[in-house]
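# Working through the structure, step by step
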Amino acid sequence: MHHRRRFFWLFVLFAALAGVVMLLWNAILPAITPARPLTYWQAAGLLLLCRILFGGLGGSSGRFFSRPPRRFGNPWKTMSPEERRKFKEEWKKRQQ
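Here's what I pulled together on the structure shown here. Source: prediction; values computed, not measured.

### A look at the environment of Met79
The residue Met79 is located in the loop between α3 (75–78) and α4 (81–95) in this model. Exposure remark for Met79: the relative accessible area of 22% places this residue in the partly exposed category. In this structure Met79 touches Arg84 and Phe87, once residues within four positions along its chain are discounted.

Below you can see the structure in the form of structure tokens.
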């Protein structure tokens, strides 16, 4: 039962986002470019295409909008006070 409820809310979210895409496209692009207005189904298709091309299909996490994994730890934690001081000095030199 939990999966049906989740699917329902994902469908509602997708439908709402498609409507937002359609409204934004039709409000902005036809006024500044020769683009034609989109229908709701074209906006839904565009949203799905962008999700496939730029967002993947869920990957290992299975979340719709997930953060990329952190590949590196926090190097600041492993630095000695002397290394931190040198790093800060180098950073200040680069900023000038």
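### Some details on the packing of aromatic side chains
Inspection of every chain in the model, using the stated rule, returns three aromatic pairs. With 5.2 Å between their ring centres and 80° between their planes, Tyr40 and Trp41 make a pair best called edge-to-face. Look at Phe87 and Trp91: their rings are 6.3 Å apart centre to centre, the planes differ by 20°, and that puts the pair in the stacked class. Of this pair, Phe87 and Trp91 both sit in helix α4, four residues apart, roughly one helical turn. When its relative accessible area of 47% is taken as the criterion, Trp91 is described as partly exposed.

### Focus on helix α1 (residues 2–32)
With 31 residues, α1 extends 45 Å between its outermost C-alpha atoms, agreeing within 8% with the 45 Å of an ideal straight helix rising 1.5 Å per residue. Maximal helix bending in α1 amounts to about 30°, located at Trp25.

### Side note on helix α2 (residues 40–55)
For α2, spanning 16 residues, the distance from its first C-alpha to its last is 21 Å, which sits close to the expected 22 Å at 1.5 Å a residue. Listing the buried residues of α2 in full gives Ala43, Ala44, Leu47 and Arg51. Along the axis of α2, the buried residues cluster in a sector spanning 105°; they form a single face. Every exposed residue of α2 that faces more than 90 degrees away from the buried side is listed here: Trp41 and Leu53. Considering only its buried residues, α2 is in contact with α1.

Each value, and the rule that gives it
Residues numbered from 1 in each chain as written. Predicted model: local features only at pLDDT ≥ 70, side-chain atom pairs only at ≥ 80, totals over all residues. Heavy atoms only, no water. Helix = DSSP H or I, 4+ residues; strand = E, 2+ residues; numbered from the N terminus. Buried < 20%, exposed > 50% of the residue type's maximum accessible area, 1.4 Å probe, protein only. Contact = heavy atoms within 4.5 Å. Phe/Tyr/Trp six-rings, centres within 6.5 Å; stacked < 30°, edge-to-face > 60°. Expected span 1.5 Å × (residues − 1). Bend = angle between axes of the 7 residues up to and from the residue. Arc of directions from axis to C-beta.

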